[in-house]
Structure formats: C-alpha cells, structure tokens
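Below are the chains, spelled out letter by letter.
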Amino acid sequence: QAPTAVTFDPASEPDGPITFFEWAGYDKTSPWMWEAYTKGEYGKRSPLKFDFLENDIQALAKVASGYNPDVIHPCIAYWPDFHAAGLVQPFDMALLPDYEGIPEAIRAPGVGEDGLVYHVPFDIGFSAFVYRADKIPITPEEESWSILLDPAYEGKLATFSDPVTIIKIGALINAGEPIDPNKLTSEQIEAAKETMIQAKPQIRNFWDNNQGNIDDFINGNLWGTYMWPDGYLQALRHEKLKGVDVRYMWPKEGRLAWVCGFVLHAATEQPGRATLAVAAANTPAAAASLTDVFAYGAAQQEGVLDLIKDKELISIFSLDDPSAFEPPRAWFEEPLPN
C-alpha cells in the first residue's frame, strides 16, 4: 500500500519568520543558498531567521528539551532520533521539485519506514586528517588513523568533539583495515574508547569550532587535524603555508564521510513555507555554490559539475569519481542502531 502523501498550503499559512537551526555559515552570509526563497512571494512575509547548532547531539538535546525551530539541519545518522522523539514530520514532495536530482544512495537513508521523506540531504563531504608532510613525514601508502597513537606528535594533533566520530576513529584504528564503522558491537565500541584514551596525549584539543581548528593548523599550533573539505582548501591555499606540502589524508582504513540535510519540525505552523526554503537550498545553482564557497560536495547532483566555477575543486575532492564516496575508500555515516 502506497504511503499517504503529505500536502501543505503555503498560501494559507501565517506570516512571520521561519527559524532554521543551522550550522554556522549556512545563513544570511550565504545568500546564494536561500535566494530562490528570499526573492519569492513569501521571502518578505516570512523572512528566514537562523540559530546555530554545535553538533548533532547538542542539536537533538536542545530540540528535545523544548526548543522549536521550523527546520533543523541534522546529519543523516541522527534524523531517526528526532523522529523517534516525535519531533519531525514528513515533507510535501510536491514543494521539492529538485529532490530527484539527489542520487538514490544519498537520499534513501532519509526515507522513513512509512515510505515518506523526513530528511532532505544538502551537503556531503569527507572527514579525514589534514597534515603537514614536512612535520609528519609519511608516504600516502602509510596514511592511517593510527597517527593519533604516535607519541612523536604529542600535543600536535586535534580531532572533532563529536563522541560518535571519536568512537568510529578508534574502531578503524583497532581494525587496521577498512571495516564499516556504522556497525560496531558493544565490545568494539568499548575497545575503541580505550584506544582513543591512549590517543589523548597527542590531542591538543577536541574542537567544536571549525574555523578555530583551521586557524590552529594554519598558524602551526597543529601539524595534523581532523578536517572537513573547507579546512583543507583554506590550508592548501593559505599564504602562511605557501610551499608547505599540505595533504588530505586518505587513511588505509578509509575516510569518514557525512550527509547532512533538513528535517521539518513537527510543531511548525508554516510547514509549506519552510519546505519552500528547503527547496531553495536544493537547486543545482545552490549546489554548485556550496562547492565553490565551502568546497563541500552537494547532495543535489543534477547538472551541478557544469555549474561549479572553481573546476580545480572537482579533482581536489574527487567529485567526479563515484568510487571516492563508496566503501572501502569512504564510509558515509548512517543511522546507528546502538
């Protein structure tokens, strides 16, 4: 039996701002992301407002404790937790004309058991170590997450504060080869924790501020750190690191990779208008700008490579190589059973 499609009527919804609970940078400072909405008929009557989240776990806790934005931007591993807590509702697909431009493999984990769409992917990208080959003299063949255990780099490395990420890295180090870090036993999780405790002397900080982490690396406080693609690009092209061999690690165990996107709060009074704002971010033009501005890959891929202005980014981040985003070279996050 086909699921009952959801329908919203933006015209009958009340005026007033629409609040996005967003990652820093995806706001009014990125007008290209919202243009199709802000220039449309509801842009002035229901202007977009932004609050910023730190990471997925913090975002879930804040919304679960009663904070009610209209749209939240969690990554794909976390939307089921919002759903299980009754915090989100499905989208009206008639208001998302470009949805089919997102490849099936990227969008499928955002579909509920009822066949309805709860998560619309926006940004995808790699998470891996960026390092200075002059300070960390390893060959590409030697690249591994286990660098975190090397006492030669005491206080010179950093990683992301997200606890799930920390456990996944520990599990990959323990395996010493590609394994699916989304499917770990309780024993593997416990062993990963112990390994990451051993990594602590090397870790200058567990960062939660992306730009602060990038600045630490550029200024030489760090020789290697977990970064998203924008960090690598900033380091690669920064005047202070001119002539330095800066590399984006492809660990033998595989890179981590993310898919983040939008969910609609169950209590929003403007679900239609909020969906139109999500649709603005899901256009090929916005997708191309996402790569040009942040060096991230876009979930929306229909004709996007042709629209990217900085063509070098396509090769730097393997955007034209589908195998780069598949196991065992990269592990996209997935909803975690435990």
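Since this is a predicted model, take the numbers as computed values, not measurements. (Residues numbered from 1 in each chain as written. Predicted model: local features only at pLDDT ≥ 70, side-chain atom pairs only at ≥ 80, totals over all residues. Heavy atoms only, no water.)

1. What to know about helix α5 (residues 163-175)
Helical geometry note: an α-helix holds 3.6 residues per turn, so side chains three or four residues apart project in the same direction. Going by this rule: The helix and strand labels rest on DSSP assignments: H or I over at least four residues marks a helix, E over at least two residues marks a strand, and numbering proceeds from the N terminus. Here, expected helix span is obtained from the residue count minus one, scaled by 1.5 Å. Burial status follows relative accessibility: with a 1.4 Å probe on protein chains alone, a residue under 20% of its type maximum counts as buried, one over 50% as exposed, and anything between as partly exposed. Between two residues, a contact is recorded if the distance between any of their heavy atoms is within 4.5 Å.
Along its 13 residues, α5 runs 19 Å from first to last C-alpha, staying within 8% of the 18 Å computed at 1.5 Å per residue. Those residues of α5 that fall on the buried side of the exposure criterion are Thr165, Ile166, Lys168, Ile169, Gly170, Ala171, Leu172 and Ile173. Looking at the buried side of α5, the elements it contacts are β6 (157-160), α6 (186-198), β7 (203-207), β8 (224-227), β10 (255-265) and β12 (330-332). In the segment just after α5, Gly176 is the residue with positive phi, at about 70°.

2. What about the state of the cysteines?
Here is the rule we go by: In this description, a disulfide is simply a cysteine sulfur pair whose atoms lie within 2.5 Å.
Evaluation of the coordinates by the stated rule reveals one disulfide. What pairs with Cys75 in a disulfide is Cys260, and their sulfur atoms sit 1.9 Å apart. Here the disulfide of Cys75 and Cys260 is right-handed, its torsion about the S-S bond being about 75°. Note that Cys75 is positioned in the loop between β3 (71-72) and α3 (79-84) and Cys260 in strand β10, a separation of 185 residues in sequence. The same class applies to Cys75 and to Cys260, which are both buried.

3. Some points on the pattern of salt bridges
Selection rule: Here, a salt bridge means any side-chain nitrogen of Lys or Arg that lies within 4 Å of a carboxyl oxygen of Asp or Glu.
Enumeration according to the criterion identifies 15 salt bridges in this entry. Across the salt bridge formed by Glu239 and Lys242, the nearest N and O atoms sit 4.0 Å from each other. Each of Asp15, Arg45 and Arg273 takes part in a single network of salt bridges with overlapping partners.

4. Section: the packing of aromatic side chains
Basically, it comes down to this: When two rings of Phe, Tyr or Trp (its six-membered ring) have centres within 6.5 Å they constitute a pair, described as stacked for plane angles under 30 degrees, edge-to-face for angles over 60, and tilted for the intermediate range. Should the NZ of a Lys or the CZ of an Arg lie within 6 Å of a ring centre and within 35 degrees of the ring normal, that charge is described as sitting over the ring.
Within the structure shown, the criterion is met by 29 aromatic pairs. Seen in terms of ring centroids, Phe160 and Trp228 are 5.1 Å apart; in terms of plane orientation they differ by 75°. Their pairing is edge-to-face. Taken together, the residues Phe160 in strand β6 and Trp228 in the loop between β8 and α8 (229-236) connect sequence positions 68 residues apart. As far as the burial class goes, Phe160 and Trp228 line up, both buried. When the ring of Tyr248 is compared with that of Phe317, the centres are 6.2 Å apart and the planes differ by 85°; the resulting orientation is edge-to-face. Taken as a pair, Tyr248 in strand β9 (residues 246-248) and Phe317 in the loop between α12 (312-316) and β12 lie far apart in primary sequence, 69 residues in all. The two residues Tyr248 and Phe317 agree in class, both being buried. The residue whose ring lies beneath Arg255 is Tyr248, and the NZ or CZ to ring-centre distance is 4.4 Å. Here the basic side chain of Arg255 rests over the ring of Trp250, its NZ or CZ set 3.7 Å away from the ring centre.

5. Some points on the nonpolar core
Rules: Each nonpolar core is a collection of buried residues, namely Ala, Val, Leu, Ile, Met, Phe, Trp, Tyr and Cys, held together in the definition by side-chain atoms within 4.5 Å.
Within the largest apolar cluster, 114 residues are counted, with the highest numbers of intra-cluster contacts made by Phe20, Leu148, Tyr226 and Phe262. Setting aside chain neighbours within four positions, we find Phe20 in contact with Trp34, Leu48, Lys49, Phe50, Asp51, Val71, Phe262, Ala274, Ala277 and Val278.

6. Points about the pairing of strand β5 (residues 120-132)
The condition that has to hold: Each pair of strands is called paired provided DSSP finds at least two bridges between the two strands.
Among the 13 residues of β5, 13 are classified as buried, and the element is accordingly described as predominantly covered. Pairing of β5 with β10, which is carried by seven bridges, proceeds in the antiparallel orientation. Across the sheet, Gly125 pairs through a bridge with Trp258, a residue of β10. The pairing of β5 with strand β11 (residues 297-298) spans two bridges and is antiparallel. From the neighbouring strand, Ile124 faces β11, where its bridge partner is Gly297. Two elements, β5 and β8, share four bridges in a ladder whose sense is antiparallel. Residue Tyr131 lies in a different strand from β8, and its bridge partner there is Gly224. Looking at chain direction, β5 and β9 are connected through three bridges and run antiparallel. Bridge pairing in β9 links Val130 to Tyr248.

7. Remarks on empty space enclosed by the protein
Spelled out, the test is: Put plainly, a pocket is an open set of points on a 1 Å grid over the protein atoms alone with protein on both sides within 12 Å along at least five of seven lines, a cavity is a set where a 1.4 Å probe fits but cannot get out, and a lining residue has an atom within 4 Å of a point. Grid points are joined across faces, edges and corners, and a volume is the space filled by probe spheres set on the points. Side-chain classes follow a simple rule in which Ala, Val, Leu, Ile, Met, Phe, Trp, Tyr, Cys and Pro form the nonpolar group, Asp, Glu, Lys and Arg form the charged group, and the remainder, Gly included, forms the polar group.
Under the counting rule described, the total for this entry stands at one cavity of 30 Å³ or more. Quantified by volume, the largest cavity comes out at close to 30 Å³. Lining the largest cavity, in full, are Ile124, Gly125, Phe126, Pro229, Ala295, Gly297, Phe317, Leu319 and Phe325. With three residues, β5 is the single largest residue contributor to the lining of the largest cavity. Across the lining of the largest cavity, the residue classes break down as seven nonpolar, two polar and no charged.

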